[in-house]
Structure formats: C-alpha cells, structure tokens
Amino acid sequence: MFHTLPAPKPDAILAVMQLFREDPRDRKVDLGVGVYKDAQGRTPVMRAVKAAEARLVETQDTKGYVALTGDAAYNEAMADLLLGGVVPASRIAASAATGGTGAVRMAMELIRAANPAAQVWISTPTWPNHNVLANAVGLTQQSYRYYDAAEGVLDRQGMLDDLAQAKPGDVVLLHGCCHNPTGADPREADWAEIAALIEAKGLIPFVDIAYQGFGEGLDADAAGLRHLVARLPRVIIAASAAKNFGLYRERAGICLVTCPEEERALVTGTLATINRASVSFPPDHGARVVSTILTDPALRLDWQEELEAMRQRVQGLRGALAQALRAETGSDRFGFLAAQRGMFSVLDVSPEQIARLRDEAGVYIVPGGRMNMAGLTEDSVPAVASALAGVLADRG
Ligand code: LMR
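Analysis parameters
Each chain carries its own residue numbering, running from 1 in the written order of its sequence. The model is predicted, so local features are restricted to residues of pLDDT at least 70 and side-chain atom pairs to those at 80 or more, both for listing and for counting; the totals for chains, interfaces and linings are taken over all residues. As a convention, hydrogens and water are excluded, and side-chain values are obtained from all of the structure's heavy atoms. Neighbouring residues are identified by heavy atoms, a residue being near a molecule or strand if any of them is within 4 Å of it. Whenever two N or O atoms come within 3.5 Å, that pair is a polar contact, provided that in protein one can donate a hydrogen and the other can accept it, and provided that, for residues adjacent in sequence, both atoms are side-chain atoms. Using the Shrake-Rupley algorithm and a 1.4 Å probe, accessible areas are obtained, with residue cover drawn only from the displayed protein chains. Ten residues, namely Ala, Val, Leu, Ile, Met, Phe, Trp, Tyr, Cys and Pro, are considered nonpolar, four, namely Asp, Glu, Lys and Arg, are considered charged, and the remaining ones, Gly among them, are considered polar. For the purposes of this description, domain bounds are those given by an automatic or database domain assignment. Side-chain rings of Phe, Tyr and Trp, where Trp is taken by its six-membered ring, are said to pair if the distance between their centres is within 6.5 Å; with planes under 30 degrees apart they count as stacked, over 60 as edge-to-face, and otherwise as tilted. In this description a helix means any DSSP run of H or I spanning at least four residues, a strand means any run of E spanning at least two, and both kinds are numbered starting from the N terminus. Relative accessibility under 20% of the residue-type maximum defines a buried residue, over 50% an exposed one, and the middle range a partly exposed one, all with a 1.4 Å probe and only protein chains included. Either the NZ atom of lysine or the CZ atom of arginine qualifies as a charge over a ring when it sits within 6 Å of the ring centre and within 35 degrees of the ring normal. Between any two strands, at least two bridges found by DSSP are needed for them to pair. In this description, a line fitted to the C-alpha atoms serves as the axis of each element, helices being fitted only across the stretch in contact, and the angle between N-to-C directions of two axes falls anywhere from 0 to 180 degrees. Residue contacts are defined here by distance: any two heavy atoms, one from each residue, within 4.5 Å place the two residues in contact. We call a crossover right-handed when, viewed with both strands directed away from the observer, the connection leading from the first strand over the helix to the second proceeds clockwise. In this description, buried area is defined as the sum, over both parts, of the accessible area (probe of 1.4 Å) that is lost when the two are combined. The term salt bridge refers to a pairing of a side-chain nitrogen on Lys or Arg with a carboxyl oxygen on Asp or Glu at a separation within 4 Å.

S.K.: How would you summarise the site of the ligand if you had to cite specific residues and measurements?
M.R.: What surrounds the ligand is the set I13, V33, G34, W127, N180, Y211, K243 and R370. One of the side-chain N or O atoms of Y211 is found 3.5 Å from an oxygen atom in the ligand. Isolated, the ligand exposes 260 Å² of accessible area, and the fraction of that covered by the protein chains is 80%. Residue composition of the shell around the ligand, by class: four nonpolar, two polar and two charged. A domain-level breakdown of the shell around the ligand finds at least three residues from each of domain 1 (11–44 + 304–391) and domain 2 (65–295).

See the structure below:
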C-alpha cells in the first residue's frame, strides 16, 4: 500500500539544517533554522532552566498524567507573561501545546471547528509552516502583503488594503513580534490601525508569538498582542517557549484564547477534545520547567537577565553585519539589517546566489533569502559579510 504515497515535500528550513549537518567543512556558518547560538556557536541550556530541572529532579514525585489542557500553573504563568494582566483570567481559555507548532495547529483546528468557512489571511512572506499547517487542517488561505523590501519595513498600506478584502468571521494570522522571516514588525501606531480594521470588519486576530524577548524586550514585544486583547472580544494566540527559554526540543508551547466569559468553558473543552484526538496529554517537562522559573522570583530574574543578554547579542550581531557590509560594499543598502528585530531578516537573493553562498563560502541561508542573525558569531561576521558582498555584487 505504501507505494501509493505521494513523495513527501521537503521542508525548506529543515532541509537546510540537514545539509549543514552533512557539510564536513570546519568553516561553515548556519544561518538557517531559527535557534540562538552563543559566541562559541552553541545553543546553550539557560542557567535558570538547568536550575529548574535540578529542582524538578529533587522534588517531583510523580510522572502521572496531568490534564488534557496541561498544567494549570503553566497555563496561568504563560498567560501572564504574554498578556500582562490586560484581561481577567475569566476571559482566558488555555491549553498547553506541543511546542509553538503544536499551538498553531491546535489554534487552526479550533478555528475549523468553530467556523469551517473562515478564511485564514496569512502574510506574504511568512514562516512556511503556517501554510503547511493551514493546508493540513483544511482551512482556506488568503494572503496579504506585508513587507516593503525596498525600505526594509512593514508595508502598512499594502497590508491594510489586502485585509480590507476579508469577510466578517475571517481570521488574520499576525506575528506577535520578530516577524518570521522579515524581521519587520508593526509599530505601535500600526498595531492600532490593524486592530481598528479587524474591529470594523468583524475579523478574528490569530497571533503567533514565538520570539517574545528577542525583539525589544519581553513587555515591548507583547505590546501589539496586548493592544489587540485589550480592545477586541476574541483573540486566538499560539505561543512558544522554545526560543525564549531555549527549550527547543522539549516542545513547550501554549494555545490561548481570549473570549467573552460565557464562551470560555466551551473553548477550553474544545481545546481538550482537540488534544484527546491527537496527543491526549500535552508534554509536561518543558512546561513545568517554564512554570518553575516564572513562579520563582530569583529564577525568573536570572532568566530575564540571560534572555536580555541574548537579545542584545543578536542586536549587536545585526549591527556588526550591517557595518561590515557597509565597509565591503561602500553602500548603505544593508542598513535594514541593523534596524530590524529578532532572529531573521530577508536578503534579495536568487536560488543560484544561495547555492553559491553555500558551496563557495559554507554560508547556509534558507530558500527565499532568510538569514538567522542569531546563527552569526563575532568571529564569523567578517567572512559572512565578505561572502555576501561577493555573491550579491554579481547580481547584474
Ligand atoms: C524557524 O523558523 O526556523 C523555526 O521556527 C524552526 C522551525 O520549526 O521552522
């Protein structure tokens, strides 16, 4: 029977991760998959995570099942981290999820269960798995313009014009911060305009926030999300603790829904049902590490300090690369790299140029031109700048 299976489509990001692993060269630079790396090129286990895990080893006395929507302490702590208390707990439905991807999937299943006719409006470009997940769930997709490549900023007018075509009940998928792949985020006034359009047209915002703390800081990165939640009756949220807690492989995510109080039990029950039909109980270890950190003032402070240092380091690497490219090219056309936020930026490169970067310089970036700035190190910046300048100079 299996010979009838269609050939699986390779995932663009994970294919780059694999190619990089297989490259035997010493001088190679992975700017593909979105993970943070330190000056030695390692993805560290954060100090507070180590401490919380040690505490769990000492004190945890059971690995028995928790609940279909996960541990309430984790759900509360994450809701607080993301929403900062702008809505009462009585308006928040929550379920722990299998990473940020699991949270997006859960949210999309919820959308389909609530309104199968809803179209999901997705930015162009976006994290490619958004499209894959919407397809897998069977949701109709529409795309909206997002990025002004000439200026390296949000295409505010293009976005608003396209979303003006949405029908009441349609869902607008937004990146909470550190837009993946462009690194261009809405400013405060843009969020207010987006919220006003969503409100006027009766749309439902769906915010995917996977990089809180990597843009401007923990609270600043959630400001757009909090604006929406404070203003609108319903917001769907998928969040990840993979990046800001460095818990990638533990798959700690959460699906939150803010809604009128009287809808909360129904939404929570539906999230539980979705889990039962897929994973039953969401994974607990990463979630428990997160709640241990967030509910212990000393661990929380240490985590915040380490995350802030990581954020500043990535921002510093952005500045260093932009400066090295200015020196290499004698132009400011890469200045946007320093102005953007989070792990990613997009370069205007052809597939051939991407292949040359890989083959000639051992620099790996994702198809479409996405670079993970957190994959740079202080040592690799000059070589990466020189490779980029060399390859991009030939674009004719
Ligand atoms: C990325 O965009 O590189 C990360 O979110 C990892 C992934 O799953 O694609």
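Still more to cover.
S.K.: Mind laying out the packing of aromatic side chains, listing which residues take part and the relevant values?
M.R.: Two aromatic rings, taken as a pair, are described by how far apart their centres are and by the angle between their planes. Scanning all chains against the criterion turns up five aromatic pairs. On the basis of an interplanar angle of 40° and a centroid distance of 6.4 Å, the ring pair of Y36 and F214 is categorised as tilted. With Y36 in the loop between β1 (29–30) and α2 (47–59) and F214 in the loop between β8 (204–209) and α8 (218–221), this residue pair connects regions lying 178 residues apart in the sequence. In this structure F214 comes out as buried when scored by relative accessible area, which is 1%. Between Y65 and F281, the ring centres sit 4.4 Å apart and the planes meet at 15°, which makes this aromatic pair stacked. Taken as a pair, Y65 in the loop between α2 and α3 (72–83) and F281 in the loop between α10 (264–276) and α11 (285–294) lie far apart in primary sequence, 216 residues in all. Owing to a relative accessible area of 28%, F281 belongs among the partly exposed residues under this scheme. Over the aromatic face of F20 sits the side chain of K37, whose NZ or CZ is 5.8 Å from the ring centroid. The ring of F344 carries R370 above its face, with NZ or CZ at 3.7 Å from the centroid.

S.K.: Can you explain the sheet that holds strand β7 (residues 171–175)? Please cite residues and give values.
M.R.: With mixed pairing, seven strands are arranged side by side in an open sheet as β2-β10-β9-β8-β7-β3-β4. Edge positions in the sheet fall to β2 (92–98) and β4 (140–145), since each of these pairs with one other strand and no more. Within this sheet the neighbouring strands show an average axis-to-axis angle of 20°, counted without direction. Looking at chain direction, strand β9 (residues 235–240) and strand β10 (residues 252–258) are connected through six bridges and run antiparallel. If you follow A238 over to β10, its bridge partner there is C255. Sheet strands in contact with helix α4 (residues 99–114) are β2, β7, β8, β9 and β10, and its direction is about 130° off that of β2.

S.K.: Break down the environment of L163 for me, with residues and values.
M.R.: Within the secondary structure, L163 sits in helix α6 (residues 156–163). L163 gets classed as buried once you look at its relative accessible area, which sits at 1%. Leaving out residues up to four positions away in the same chain, L163 has contacts with W121, Y144, V172, L197, K201 and L203.

S.K.: Would you mind going over the pairing of strand β3 (residues 119–124) in detail, with residue names and values included?
M.R.: Of all six residues in β3, five are buried; the element is thus mostly enclosed. Considered for its hand, the β-α-β crossover made up of β3, helix α5 (residues 128–137) and β4 is right-handed. Both β3 and β7 contribute to a ladder of two bridges, which runs parallel. The residue of β7 that forms the bridge with W121 is V172.

S.K.: Which residues make up the pairing of β2, and what values do they have?
M.R.: Counting buried residues along β2, six of its seven residues qualify, which places the element largely inside the surrounding structure. Sheet topology places β2 next to β10; seven bridges connect them, and they run antiparallel. In the sheet register, S95 faces β10, and the bridge partner there is C255.

S.K.: Give a description of the domain arrangement of the protein that names residues and reports values.
M.R.: Each domain of the protein was delimited in the assignment, giving domain 1 (11–44 + 304–391) and domain 2 (65–295). With 20 residues of domain 1 in contact, the opposing surface of domain 2 contributes 23 residues. Overall, the association of domain 1 and domain 2 removes approximately 1,800 Å² of surface from exposure, summing both partners, and the carbon and sulfur fraction of that is 61%. Sorting the residues of domain 1 by area buried against domain 2 places L307, R311 and R341 first, and these three jointly supply 31% of that buried surface. At the junction of domain 1 and domain 2, the tally comes to one salt bridge. A salt bridge links R341 to E216; the nearest nitrogen and oxygen atoms lie 3.1 Å apart. Counting across the domain 1 and domain 2 interface gives nine residue pairs in polar contact (both at pLDDT 80 or more).

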